[in-house]
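Residue-level structure breakdown
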Amino acid sequence: MNVAYPAPEFASAEETVNGLIQLLEGGFENPYEISGTVLVQVVDHPELDFLAVFGEALKIVRPIHEHPVDTRMTFPLATLETIFRDYEILDWRSPEILGTVELEGNLDLAFQLGMSCVRPSNTTIDRLAALRALHKKKGHRNLDEVVRLHLPSQHQLLEAIDEGLPTIITGLEPSPPCKDWTIDWLVEKYGDSIVCRRSSELKITLRELADQMRLFEEKPELENDTTLDKAYTEGVKMPHEMWDDFGPMFFDREDFIPAQLWLGSVSTNTPATALHCDPTTGFLFQVMGRKRLELFSADQADLLYPKKAYSYYQSCWFNPHKPRYDLFPKAKGAKSISVDLHPGELLVQPAGWFHQVFALDSPTMSVSYFWRY
Ligand SMILES: [Fe+2]
């Protein structure tokens, strides 16, 4: 049986755009006190264009009048309808969104505004609340280290996950073993695989990514050049053809959402992934280079300034790498565990832990799996 939800009807373009504005206003936060103005243009309905002016709150100005603009975001109405309909599962990086949007000017403003219109589902809200209560009850903020287990049984692992305890598993090897996963070998075997989608048309193959990675490895200073695309896949769906190299880990493949690939050249001085928490249990297998994770227990959410606008994973305003205690004073009381993950090691991170990820070596490669439930 094939059951599909009926597509929602939008009464009018005006209703869609006004609904979106309400989402933007409700989710907007600006703790870094960024100022600027974004012009949002609706290609097929220019009468609905509006200005979003950053302040302590977001100010919407309409009709458009002469006003200096820092950023211009241009959408077809159909994309705005998608955003309005899918705000609980929205992924701005998907080609259906990013491939249809034109952005000009200060992209940080565009990013901050865009992220204001996502929201968590009730399931995610309830789940995170339960995890925060569990970690508090177990006193996880007082943990000093993450235990390493050599090839534990599935039962042992399930017990640790039930307790909300992160675990590093040793003794696993992909096929071929980690030491053989070099950039040259990857290009030879998977050179034609698609590893990034910058838009619906522009797909990057692993061979092209490797060329970009070699450029960054030769000239590391280019990694700070914001005009260049990152040479990092940032959790793109792992190409299907790689799946068999990483057999199912302790559970069936059907227990996980499609695996994600984190491959590229990254700065070793700044976080590769900013502080956030995931509402489902994650398995992070390290293949190339080492990674360091700073873990904060779920019950420290009130100290880490998590964003109110999020859909799936919840990012934080506080950045432990560059702490601004003047803006986020409660973060002084937060306590983390530092974990170094080596090639061949698997971190099993029960849902709810906040984490910031650094690549200690570049190039880096990891594969992550999230439980489906
Ligand atoms: Fe994560």
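The structure reproduced in this document is the subject of the present report. Keep in mind that this is a model prediction, so the values were computed, not measured.

What follows concerns the overall build of the protein chain. When helices and strands are tallied, the protein chain shows nine helices and 19 strands. What you see for the protein chain is a C-alpha radius of gyration of 22 Å, in line with the 21 Å of a compact globule of 373 residues. Overall, the protein chain is about 65 × 55 × 50 Å in size when its C-alpha atoms are taken along their principal axes. Partitioning the contacts of the protein chain with sequence separation of at least 6, the portion at a separation of at least 24 is 78%. Accessible surface for the protein chain amounts to roughly 18700 Å². Of this, 52% is attributable to carbon and sulfur atoms. Averaging the positions of the 35 positive and the 55 negative side-chain charges in the protein chain gives two centres separated by 5 Å.

Before going further, it helps to examine the coordination of the iron ion. Around the iron ion, the protein supplies His276 (NE2), Asp278 (OD) and His355 (NE2) as donor atoms, at distances of 2.1 to 2.2 Å. Between consecutive donor residues of the iron ion, the sequence gaps follow H-x1-D-x76-H. Placement of the pair is aspartate 278 in the loop between strand S12 (273–277) and strand S13 (282–288) and histidine 355 in strand S18 (residues 354–359), with a sequence separation of 77 residues. Take aspartate 278 and histidine 355: they sit in the same class, and that class is buried.

Another aspect to go through is the pairing of strand S11 (residues 260–264). The element S11 is extensively covered by neighbouring structure, given that five of its five residues are classed as buried. Along S11, one buried face is formed by Gln260, Trp262 and Gly264 and the opposite face, lined by Leu261 and Leu263, is buried too. Two elements, strand S10 (residues 236–237) and S11, share two bridges in a ladder whose sense is antiparallel. Bridging across to S11, valine 236 finds its partner in leucine 261. Judged from the five bridges that link them, S11 and strand S19 (residues 364–370) form a sheet pairing that is antiparallel. Bridging across to S19, leucine 263 finds its partner in methionine 365.

To continue, consider helix H1 (residues 13–27). Side chains of residues three or four places apart in an α-helix project in the same direction, reflecting 3.6 residues per turn. For H1, with 15 residues, the first-to-last C-alpha span of 21 Å sits near the 21 Å given by 1.5 Å per residue. Within the span of H1, buried status applies to Ala13, Thr16, Val17, Gly19, Leu20, Ile21, Leu23, Leu24 and Gly27.

Locating serine 116 in the fold gives a position in the loop between helix H4 (107–115) and helix H5 (122–138). Beyond its immediate chain neighbours, meaning those up to four positions away, serine 116 contacts Leu23, Leu24, Gly27, Phe28 and Ala309.

What follows concerns a nonpolar patch on the surface. Together, Leu98, Leu103 and Leu107 make up an exposed nonpolar region whose accessible area comes to about 230 Å². Here leucine 103 lies in strand S5 (residues 102–105). With relative accessibility at 36%, the residue leucine 103 sits in the partly exposed group.

All right, on to the packing of H1 against helix H2 (residues 77–85) then. For the pair H1 and H2, the least separation of the axes is 10 Å and the interaxial angle reads 50°. Viewed along their axes, H1 and H2 adopt a mutual orientation that is oblique. Along this stretch, H1 crosses H2, giving a crossing that reads as left-handed. Each of Ala13, Glu15, Thr16, Val17, Gly19, Leu20 and Leu23 in H1 lies in contact with H2, whose residues at this interface are Leu77, Leu80, Glu81, Ile83 and Phe84.

Geometrically, the link from arginine 62 to proline 63 is a cis peptide bond, its omega value of -5° lying close to zero. Following the sequence through the fold, proline 63 ends up in the loop between strand S3 (58–61) and strand S4 (71–75). With an omega dihedral of 0°, the bond running from serine 175 to proline 176 counts as a cis peptide bond. Secondary-structure assignment places proline 176 in the loop between strand S7 (167–170) and helix H7 (183–190).

So, on to the sheet that holds S12. Strand order across the open sheet formed by five strands is S15-S12-S18-S14-S16, with antiparallel pairing between neighbours. In this open sheet, the two edge strands, each paired with only one partner strand, are strand S15 (314–315) and strand S16 (336–341). With two bridges joining them, S12 and S15 adopt antiparallel strand pairing. Paired with histidine 276 across the strands is serine 315, a residue of S15.

We now examine the nonpolar core. Here is a general trend for soluble globular proteins: nonpolar side chains tend to be buried in one another's company. Formed by 39 residues in total, the largest nonpolar core has its most connected members in Leu186, Phe246, Phe283, Met365, Val367 and Tyr369. When residues of this core are traced back to their parent elements, those giving at least two are helix H6 (154–163), H7, strand S8 (194–197), helix H8 (206–218), S11, S13, strand S17 (346–349) and S19. In terms of nonpolar packing, the next biggest core, distinct from the first, is built from 30 residues, Ile21, Leu48, Leu90 and Trp92 among them.

Cut-offs applied
Residues numbered from 1 in each chain as written. Predicted model: local features only at pLDDT ≥ 70, side-chain atom pairs only at ≥ 80, totals over all residues. Heavy atoms only, no water. Helix = DSSP H or I, 4+ residues; strand = E, 2+ residues; numbered from the N terminus. Rg over C-alpha atoms; globule rule 2.2 N^0.38 Å. Contact = heavy atoms within 4.5 Å. Areas by Shrake-Rupley, 256 points an atom, 1.4 Å probe, with all protein chains shown as cover. Lys, Arg positive; Asp, Glu negative; His and termini not counted. Charge placed at Lys NZ, Arg CZ, Asp CG, Glu CD. Donors = N, O, S within 2.8 Å, 3.2 Å for Na, K, Ca; no water. Buried < 20%, exposed > 50% of the residue type's maximum accessible area, 1.4 Å probe, protein only. Pairing = 2+ DSSP bridges. Expected span 1.5 Å × (residues − 1). Patch = residues over 30% accessible without salt bridge, like charges linked within 9 Å, V, L, I, M, F, W, Y side chains within 5 Å. Salt bridge = Lys/Arg side-chain N within 4 Å of Asp/Glu carboxyl O. Axes fitted to C-alpha atoms, helices over the stretch in contact; angles between N-to-C directions. Parallel < 35°, antiparallel > 145°, perpendicular 65-115°, else oblique. Left-handed = near helix turned anticlockwise from the far one by under 90°. Core = buried A, V, L, I, M, F, W, Y, C linked by side-chain atoms within 4.5 Å.

Purely geometric numbers; function is a separate question.
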